[in-house]
Amino acid sequence: MNNMKRFLLVIVYLLLFLVMCAAETVTISLDEAISRARRQSVSAAVALNELRQAYWEYRTFRAELLPEVSFSAKIPGYYKQYSSYQNENGEFGFVRNNYMNLSGTLSLSQNIWATGGTLSLNTSLDYLRQFSGNSYNRFMSLPVAISLNQPIFGVNTVKWDRKIEPVRYTEAKAQFLSATEEVAMTTINYFFNLLSARENVSIARQNLENATRLHEVAKVKREMGQISQNDLLQMELNELNARSTLTSAESDMKSHMFRLRAFLDYGEDVELEPSIPESIPLVDITFADALDKALANNKFAKNLRRRQLEADYEVAKAKGDMRQINLYAQVGYTGVGNEVGSSYRNLKDNQVVEIGITIPILDWGKRRGKVKVAQSNREVVESNLRLEAMNFNQDIFILVERFNNQQEQLKIAVRADEIAQKRYETNVETYLIGKISTLDLNDSQVKKDESRQEYFEELYYYWYYFYQLRSLTLWDYQADTPLTADFEQILRN
């Protein structure tokens, strides 16, 4: 039985050794984490898919401005049925039909940007084969015909699309750049959460070592009668609390490790070890400069412009729907014959002019009401745009102030961490020689841990504010250049 237990223990230790060997420890810096997140995170993939969607919508709009060549055909249509007809006396009857019909039309159409109409160039050929009675073939050709379809008072959709769609696509490109910076901000959040959690584990282990050592010293002092039983129990309680804190910190670190690892698309066998950023970008940013860059580059300004144009379009559309006049005209030549060739000889004029009018006589103010609704909606949009612009300016101001203040806050946190660490080390040695109480020692430990956590928190805010400014201004403050991307290359990949 004992041999079996030893064998099982050997197997367990061997499996643990293999798992530890299989785990790969990756030391990763903040810049490396951000770079990987921009390439491989799910958030980056979502931003890229949104850019692709906007790109193809813009491509579709551009294609609608170009000439379109289309071919339509009926090959064939066969009919064997009764059809109704009316004779000269006004009486209805039925006649038996048995024929086949084929037709084909080739057309070239172009939207007219200035007027919103459509101009088409068409050619067609129809073939009819009669099977019943005296069977025969007939062809009808339309060698060339020019058609115009033009709304007179309706809204010019092409003109408005030419105003709105380029702004929409520019907004989408700015949104993509902002989204990549927002990916960086998410990475910073996960990165510093893990960094802080690992530091908490390190602090907890050091505190446990100190608590264990002090507990052992307290036992000796108690035997010598130098401290009370209460102080000994306090040292034991400190050691137990340190063990509990270490267990909790290790669990918290594993949780943050999983989040960052999943976000950066690492495997579960990878253990990430984030490194503390050794340097920070020291830049001086003014509110006026940040606001100018944000209004020039950020999607916000494009979004305001697009929404204003869309509100204006709805008003123009409602006004155009109050009365509708549509002009259709076609000029060309046509011919008929028993053969294909003969249908293209002795051509005749083929002209069609139609003007359709729809004018409401009594609609109880429905169309005028739609105009008023569209105008009211535009006023609401304009009010919202003014409010959003004011809030945007305010957010930029607050962010710039926070970032500029954060440099000083970080300096203070660094110095406070150094002082708290030295004070705790000194108090440990002082306690060992009996010069300070347990309460003083515990207080210095708490201050040390809080100062360390405060340092990481201030470092996190500095980097977060920095990339938040990049996201809003789309400006690289380290290189002093605007953030940009090779969109054609990105969309090709």
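Residues numbered from 1 in each chain as written. Predicted model: local features only at pLDDT ≥ 70, side-chain atom pairs only at ≥ 80, totals over all residues. Heavy atoms only, no water.

Draft legend 1. A look at the overall build of the protein chain. For the protein chain, the helix and strand inventory stands at 10 helices and 10 strands. For the protein chain, whose C-alpha radius of gyration is 40 Å, the value lies well above the compact-globule estimate of 23 Å for 493 residues. Along the first, second and third principal axes, the C-alpha atoms of the protein chain reach 135 × 70 × 45 Å. Taking all 493 residues of the protein chain together, 35% fall into the buried category. Within the protein chain, contacts between residues at least 6 apart in sequence are counted, and of these 76% link residues at least 24 apart. For the protein chain, the exposed surface amounts to about 29,800 Å²; the carbon and sulfur share of it is 53%. Each charge class in the protein chain can be summarised by its mean position, and for the 57 positive and 62 negative side chains these summaries are 8 Å apart. (Helix = DSSP H or I, 4+ residues; strand = E, 2+ residues; numbered from the N terminus. Rg over C-alpha atoms; globule rule 2.2 N^0.38 Å. Buried < 20%, exposed > 50% of the residue type's maximum accessible area, 1.4 Å probe, protein only. Contact = heavy atoms within 4.5 Å. Areas by Shrake-Rupley, 256 points an atom, 1.4 Å probe, with all protein chains shown as cover. Lys, Arg positive; Asp, Glu negative; His and termini not counted. Charge placed at Lys NZ, Arg CZ, Asp CG, Glu CD.)

Draft legend 2. Main features of the layout of surface pockets. In this structure, the largest pocket encloses a volume near 360 Å³. In this structure, the largest pocket is lined by 18 residues; those nearest its centre are Asn207, Ala242, Thr245, Gln445 and Asp449. Elements supplying a minimum of two residues to the lining of the largest pocket: α4 (157–223), α5 (229–263) and α9 (438–473). Per-element accounting of the lining of the largest pocket gives the leading share, 7 residues, to α5. Residues that form the lining of the largest pocket fall into these classes: 7 nonpolar, 9 polar and 2 charged. The computed volume of the second largest pocket comes to approximately 290 Å³. Taken together, 14 residues form the lining of the second largest pocket, with Arg38, Phe176, Thr180, Ala485 and Ile490 sitting closest to its centre. Sorting the residues of the lining of the second largest pocket by element identifies α2 (30–40), α3 (42–64) and α4 as the ones contributing at least two each. Sorting elements by how many residues they give to the lining of the second largest pocket places α4 first, with 4 residues. Looking at the lining of the second largest pocket residue by residue, the classes come out as 8 nonpolar, 2 polar and 4 charged. (1 Å grid on protein atoms, 1.4 Å probe; cavity = no way out; pocket = protein on both sides within 12 Å on 5 of 7 lines; lining within 4 Å. Points joined across faces, edges and corners; volume = space filled by probe spheres on them. Nonpolar A, V, L, I, M, F, W, Y, C, P; charged D, E, K, R; others polar.)

Draft legend 3. Local environment of the pattern of salt bridges. Under the defined criterion, the tally for this structure stands at 20 salt bridges. Linking arginine 205 and glutamate 250 is a salt bridge whose minimum nitrogen-to-oxygen distance equals 3.5 Å. One end of the pair, arginine 205, is in helix α4; the other, glutamate 250, is in helix α5, and 45 residues separate them in sequence. A salt bridge links arginine 452 to aspartate 417, with the nearest nitrogen and oxygen atoms 2.7 Å apart. Taken together, the residues span a long stretch of sequence, with arginine 452 in helix α9 and aspartate 417 in helix α8 (residues 366–432) at a distance of 35 residues. Residue arginine 452 shares its accessibility class with aspartate 417, and that shared class is buried. Here the residues in one salt-bridge network are Glu165, Arg168, Glu171, Arg306 and Glu310, joined through shared partners. (Salt bridge = Lys/Arg side-chain N within 4 Å of Asp/Glu carboxyl O.)

Draft legend 4. View of the sheet that holds strand β4 (residues 118–130). Pairing is antiparallel across the open sheet formed by 6 strands, whose spatial order is β2-β3-β4-β5-β7-β8. Edge positions in the open sheet fall to β2 (68–86) and β8 (348–358), since each of these has one partner strand only. Each strand of the sheet is rotated relative to its neighbour by a mean of 20°, with strand direction disregarded. (Pairing = 2+ DSSP bridges. Axes fitted to C-alpha atoms, helices over the stretch in contact; angles between N-to-C directions.)

Draft legend 5. View of empty space enclosed by the protein. Per the counting criterion, the structure on display carries 2 cavities of 30 Å³ or more. If you trace the largest cavity, you find it lined by Asn207, Asn210, Ala211, Leu214, Met235, Asn238, Tyr424, Leu441, Asn442 and Gln445. Contributing elements (two or more residues each) for the lining of the largest cavity: α4, α5 and α9. In terms of residues, the lining of the largest cavity owes the most to one element, α4, which gives 4 residues. Within the lining of the largest cavity, the residues separate by chemical class into 5 nonpolar, 5 polar and no charged. Computed from the structure, the second largest cavity encloses a volume of approximately 30 Å³. In this structure, the second largest cavity is lined by Ala54, Glu57, Tyr58, Glu165, Arg168 and Tyr169. Within the residue set of the lining of the second largest cavity, elements represented by two or more residues are α3 and α4. For the lining of the second largest cavity, a count of residues per class yields 3 nonpolar, no polar and 3 charged.

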